[in-house]
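Structural description and commentary
Spelled out, the chains give:
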Amino acid sequence: MSYGLLRGKKGLITGVLDERSIAWHVARRAHEEGASLVLTNAPVALRLGQTAELAKRLSAPLFPADLTQISDIEKLYAQTLDHFGGPIDFLLHSVGMSPNIRKGKAYPELDYEFYWKTLDVSAVSLHKLLQIGRARGAFARGASIVALSYIAAQRVFPRYGDMSDAKALLESIARLFGYFLGRELGARVNIVSQSPTPTTAGTGIAGFQEMYDYANRMSPLGNASAEACADFIVALFSDLTRAITMQTIYHDGGFSMMGIAEDLLRNG
Ligand SMILES: NC(=O)c1ccc[n+]([C@@H]2O[C@H](COP(=O)([O-])OP(=O)(O)OC[C@H]3O[C@@H](n4cnc5c(N)ncnc54)[C@H](O)[C@@H]3O)[C@@H](O)[C@H]2O)c1
C-alpha cells in the first residue's frame, strides 16, 4: 500500500546488491511512496549483483562508486545533483564488509590491514558521504539520512568480530554529524539497528543461522524482516519523523529489551 509519504522527494540509495539486500527493499518502497531515486554501488558489486536490474525497474540512474574513495564520492554527488537539478532529500547508507570475517579471523586474532578496511568500508564511508555531501551542498533543508547498524555495537556477539567496532563507530558518526547537519540545515541523521536478516552480508557471518534463530525466539515479535525495515526507513525519510535525529533506533522485534525468553528457558 502506498501513502504518498515521499511524493516529490529525491533520494540517493547505496548498497543494493540483490533482491535480499535491505537497500533493495528500501529503494522499492521509497519508489512506491513517490520518491525519485539514484542508486549506487561499488563497481565490483555492479558486475556481480542485480543492482542494474532494480535501477531499470525503478527508472533510476545507477552511478558506480566505491564509498571508501573520496574521488568516487565527489563524482557520485556531481552526477546525482546534476540528474536531480538540485540537492537530495534523503540518503541511505547500507554498506558493510569485513575482510577479517571473510577470512575467518576471530576478534583476538585480527589482521590490522583488514581491520582498517572494515572500519573504512563500514563506518568511515558514512563520514565521507556526509562530509563531502555537506561541502557540495548536496543535502536539502530538512534532509533525512539513515544508516544501518546491529546490536553488536552495544552488546557482545563474539562472531560479529570487528564489525562490532565498525558499528559502534558508525553510530557515533551519525550522532556527531547529526548535530552539525541539524544546526546548519535542519537535517536528520539516524541509525536503524536491524534484526539479523538473511542477506549476502548477513549470512557471511559464521553461525548466522544460529544467531538468527536465537534472536527470533528471544524477540516477542520475532525477527524484523527486510520488508518491515524498509517500511520503517521510509517513515524516517518522510516528514512525519522530522523531529527525530541522532538516534540509534532498534528495529528488532523487541530483542534489545529482552533478558531471557520463557521459550528458550523451557526448550533450550
Ligand atoms: N543482514 C543483517 O543481518 C544486518 C543486520 C543489521 C544491520 N545490517 C547492515 O545493513 C547494511 C546492508 O547490508 P545487507 O544485510 O543488506 O547486505 P548486502 O550484502 O546486500 O549489502 C551490503 C552492501 O555493501 C556494499 N559495499 C561493500 N563495500 C562497498 C564499498 N567499498 N563501496 C560501496 N558499497 C560497498 C555491497 O556491494 C552491498 O551492496 C549493512 O550496513 C549491514 O551491516 C545487516
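Here's what I pulled together on the structure shown here. Along each chain, numbering runs from 1 in the same order as the chain's sequence is written. The model is predicted, so local features are restricted to residues of pLDDT at least 70 and side-chain atom pairs to those at 80 or more, both for listing and for counting; the totals for chains, interfaces and linings are taken over all residues.

**Thoughts on the overall build of the protein**
Strands are runs of DSSP state E lasting at least two residues, helices are runs of H or I lasting at least four, and both sets are numbered from the N terminus onward. Helix and strand content of the protein: 11 helices and seven strands. Taken over the C-alpha trace, the protein has a radius of gyration of 18 Å; the compact-globule value for 268 residues is 18 Å, and the two agree within 12%. In terms of its C-alpha atoms, the protein occupies a principal-axis envelope of roughly 60 × 45 × 40 Å. Whether a residue is buried, exposed or partly exposed is read from the other C-beta atoms within 10 Å of its own C-beta, which are placed from the backbone; 20 or more gives buried, 12 or fewer gives exposed, and intermediate counts give partly exposed. When burial is assessed residue by residue, the protein has 47% of its 268 residues classed as buried. We compute the radius of gyration from the C-alpha atoms alone; for a globule the expected value is 2.2 Å times N to the 0.38, where N is the number of residues.

**Considering helix 4 (residues 70–84)**
Under the convention used throughout, the expected extent of a helix is 1.5 Å for every residue step, that is, one less than its residue count. Its 15 residues place the ends of helix 4 21 Å apart at the C-alpha level, agreeing with the 21 Å of an ideal helix rising 1.5 Å per residue. Those residues of helix 4 not exposed but buried are I73, L76, Y77 and T80. One face of helix 4 carries all of its buried residues, which in axial projection span an arc of 95°. Every exposed residue of helix 4 that faces more than 90 degrees away from the buried side is listed here: S71 and D82. Note that contacts rest on C-beta atoms placed from the backbone: two residues are in contact if these are within 7 Å. Here the buried face of helix 4 lies against strand 1 (10–14), strand 2 (36–41), strand 3 (62–64), strand 4 (88–93) and helix 6 (112–135). At the exit of helix 4 stands G85, carrying a positive phi of roughly 70°. It is the directions from the helix axis to the C-beta atoms that the arc portrays.

**Focus on the sheet that holds strand 4**
Reading across from one edge, 3-2-1-4-5-6-7 is the order of the seven strands in this open sheet, with parallel pairing throughout. The outermost strands of the open sheet, each flanked by one partner alone, are strand 3 and strand 7 (248–251). Within the sheet, the average angular offset between the axes of one strand and its neighbour, ignoring direction, is 20°. The pairing of strand 4 with strand 5 (residues 139–149) spans five bridges and is parallel. Across the sheet, the residue bridging to F90 is S144, located in strand 5. Fitting a line to C-alpha atoms yields each axis, with helices limited to the stretch in contact; the angle taken between N-to-C directions then spans 0 to 180 degrees. The strands that helix 6 touches are strand 4 and strand 5; relative to strand 5, the one it contacts most, it runs at about 175°. Set on the sheet, helix 7 (residues 161–185) makes contact with strand 5, strand 6 (188–194) and strand 7; between it and strand 6 the angle comes to about 155°. The pairing criterion for strands is at least two bridges between them, as found by DSSP.

**Quick look at the environment of A153**
If you trace the backbone, A153 turns up in the loop between strand 5 and helix 7. C-alpha of A153 to C-alpha of S36: the two residues are 117 residues apart in sequence and 32 Å apart in space. Those residues in contact with A153 that sit more than four places away from it in its chain are S164, K167, A168 and E171.

**Concerning the site of the ligand**
Lining the immediate environment of the ligand, one finds 27 residues, of which S21, A45, G96, A201 and G202 sit closest. Within the residue set of the shell around the ligand, elements represented by two or more residues are helix 1 (22–32), strand 5 and helix 8 (200–203). Note on residue categories: nonpolar means Ala, Val, Leu, Ile, Met, Phe, Trp, Tyr, Cys or Pro, charged means Asp, Glu, Lys or Arg, and polar means any other residue, Gly included. Across the shell around the ligand, the residue classes tally to 13 nonpolar, 13 polar and one charged. Any residue whose backbone-placed C-beta atom lies within 6 Å of a molecule or strand is treated as near that molecule or strand.

**With respect to the nonpolar core**
I13, V26, A27, L37, L39 and I233 are the most contacted members of the largest nonpolar core, which has 75 residues in total. Residues within four places of I13 in sequence aside, it is in contact with A23, V26, A27, L37, L39 and L92. A set of buried Ala, Val, Leu, Ile, Met, Phe, Trp, Tyr and Cys residues, joined through C-beta atoms within 7 Å, is what we mean by a nonpolar core.

**Brief notes about the pairing of strand 5**
Looking along a regular strand, one sees side chains alternate from face to face of the sheet. Extensive coverage of strand 5 is indicated by the burial of eight of its 11 residues. Relative to strand 6, strand 5 is paired through six bridges, and the arrangement is parallel. Paired with S149 across the two strands is S193, which belongs to strand 6. On the question of chirality, the crossover connecting strand 5 to the parallel strand 6 by way of helix 7 is right-handed. Whether a crossover is right-handed comes down to one check: with the strands pointing away from the viewer, does the path from the first strand over the helix to the second run clockwise; if it does, it is right-handed.

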